Amino acid sequence: MSDRPTRPDPVQPATDDALAIVHQLLSLGHAALAWQDPDTRTPGISRIAFARDPEAGLLTLVSGLAPHFRALRTNPDCALMLGEVGDKGDPLTHPRLMIRAQASFIAKDDPARPAIRDRWLTRNPKATVYIDLPDFAFVRLTPSSALLNGGFARAFHVQPGDL
């Protein structure tokens, strides 16, 4: 047993101001997706198109040619990073949101898919070129936990239901 005093968790529950930042970050049209390579078991990361769909939750549209397609099929554990670095200052002072999630592929015959497709195209009209190609699939990213780093000494636990 250690004589060291336990330190309080420096990460606080999300405040209303923190949740406002979270929702701003969730409105970005892209994210970085971390996944595990099924062959080497090493980490990989990809930039993805991303959306917070009002009905389906957090989504991406993935090509079967992308390495993260097979990786997510093999192991659905993944993580997302959302954020932008501003024009000035230290990149670590800008807000960013890390979300741990489980990926699940939406079947082509899922009754919800046509509405998801329509909403995706409203946000991403250029996807019309490839959205119906046979190797593309929507992937739902169901959050299990999230952490907002709002800048130096401003970290917040975010509940999955707040995403």
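Just so you know, these numbers come straight off a predicted model, no measurement behind them.

Caption draft 1: Representation of the overall build of the protein chain within the structure. Across its full length, the protein chain holds three helices and nine strands. Listing the helices and strands of the protein chain from first to last along the sequence gives β-α-β-β-β-β-α-β-β-α-β-β. Taking the principal axes of its C-alpha atoms as reference, the protein chain extends roughly 60 × 35 × 30 Å. Buried residues in the protein chain amount to 38% of all 163 residues. A separation threshold of at least 6 residues defines the contact pool for the protein chain, and within that pool the share at least 24 residues apart is 65%. Total accessible area on the protein chain stands at roughly 9900 Å², and carbon and sulfur atoms take up 56% of it. A distance of 3 Å separates the average location of the 18 positive side-chain charges in the protein chain from that of its 18 negative side-chain charges.

Caption draft 2: Geometry of the nonpolar core. If you look at the biggest cluster of nonpolar residues, it comprises 34 residues, and the most contacted ones within it are Leu26, Leu80, Leu82, Leu97, Ile99, Leu141 and Leu148. Only α1 (16-26), β2 (30-36), β5 (57-63), α2 (67-74), β6 (77-83), β7 (96-105), β8 (136-149) and β9 (155-158) provide two or more residues apiece to this core. Residue contributions to this core peak at six residues, all from α1. With residues near it in sequence (within four places) discarded, Leu97 still touches Val22, Leu25, Leu26, Leu80, Met81, Leu82, Ala146, Leu147, Leu148, Val158 and Leu163. Core analysis: the second largest hydrophobic core is formed by 12 residues, Ala51, Leu59, Leu61 and Trp120 among them.

Caption draft 3: Region of interest: a nonpolar patch on the surface. A cluster of nonpolar residues, Val129, Tyr130 and Leu133, forms a patch on the protein surface that exposes about 290 Å² of accessible area. With respect to the helices, strands and loops of the structure, Val129 is situated in the loop between α3 (113-123) and β8.

Caption draft 4: Broad picture of the packing of aromatic side chains. Evaluation of the coordinates by the stated rule reveals three aromatic pairs. Where Phe69 meets Phe105, the ring centres are 5.0 Å apart and the plane angle is 70°; that geometry is what we call edge-to-face. One end of the pair, Phe69, is in helix α2; the other, Phe105, is in strand β7, with 36 residues separating them in the sequence. Phe105 matches Phe69 in its accessibility class, with the two residues each being buried. Considering the side-chain rings of Trp120 and Phe138, the 5.6 Å spacing of their centres and the 70° angle between planes classify their relative orientation as edge-to-face. Residue Trp120 is found in helix α3, and its partner Phe138 is found in strand β8; the two are separated by 18 residues along the sequence. Sitting over the face of the ring of Phe105, Arg73 holds its NZ or CZ atom 3.8 Å from the ring centroid.

What counts and what doesn't
- Residue indices follow the written sequence of each chain, beginning from 1 at its first position.
- pLDDT decides what is reported in this predicted model: residues at 70 or higher carry local features, side-chain atom pairs at 80 or more are listed and counted, and totals for whole chains, interfaces and linings draw on all residues regardless.
- Based on all heavy atoms of the structure, the side-chain values leave hydrogens and waters out of the count.
- By definition, any uninterrupted DSSP run of H or I lasting at least four residues is a helix, any uninterrupted run of E lasting at least two residues is a strand, and each is numbered from the N terminus.
- Exposure classes here rest on a 1.4 Å probe applied to the protein chains alone. A residue is buried below 20% of its type maximum, exposed above 50%, and partly exposed in between.
- For this analysis, residues touch if any pair of their heavy atoms sits within 4.5 Å.
- The Shrake-Rupley method, run with a 1.4 Å probe sphere, supplies the accessible areas, and residue values consider only the shown protein chains as cover.
- All tallies of charge rest on Lys and Arg as positive and Asp and Glu as negative; His and the ends of each chain are not included.
- Charged groups are reduced to one reference atom each: NZ for lysine, CZ for arginine, CG for aspartic acid, CD for glutamic acid.
- Throughout, nonpolar core names a set of buried Ala, Val, Leu, Ile, Met, Phe, Trp, Tyr and Cys residues whose side chains join them through atoms within 4.5 Å.
- For patches, a residue must show more than 30% relative accessible area and have no salt bridge; joins then use 9 Å for like charges and 5 Å for nonpolar side chains, namely Val, Leu, Ile, Met, Phe, Trp and Tyr.
- The term salt bridge refers to a pairing of a side-chain nitrogen on Lys or Arg with a carboxyl oxygen on Asp or Glu at a separation within 4 Å.
- Pairing of aromatic rings covers Phe, Tyr and Trp, the last counted by its six-membered ring, and requires centre-to-centre distances within 6.5 Å; plane angles under 30 degrees mean stacked, over 60 mean edge-to-face, and any other angle means tilted.
- Working rule: Lys NZ or Arg CZ, within 6 Å of ring centre, within 35 degrees of ring normal, means a charge sits over the ring.

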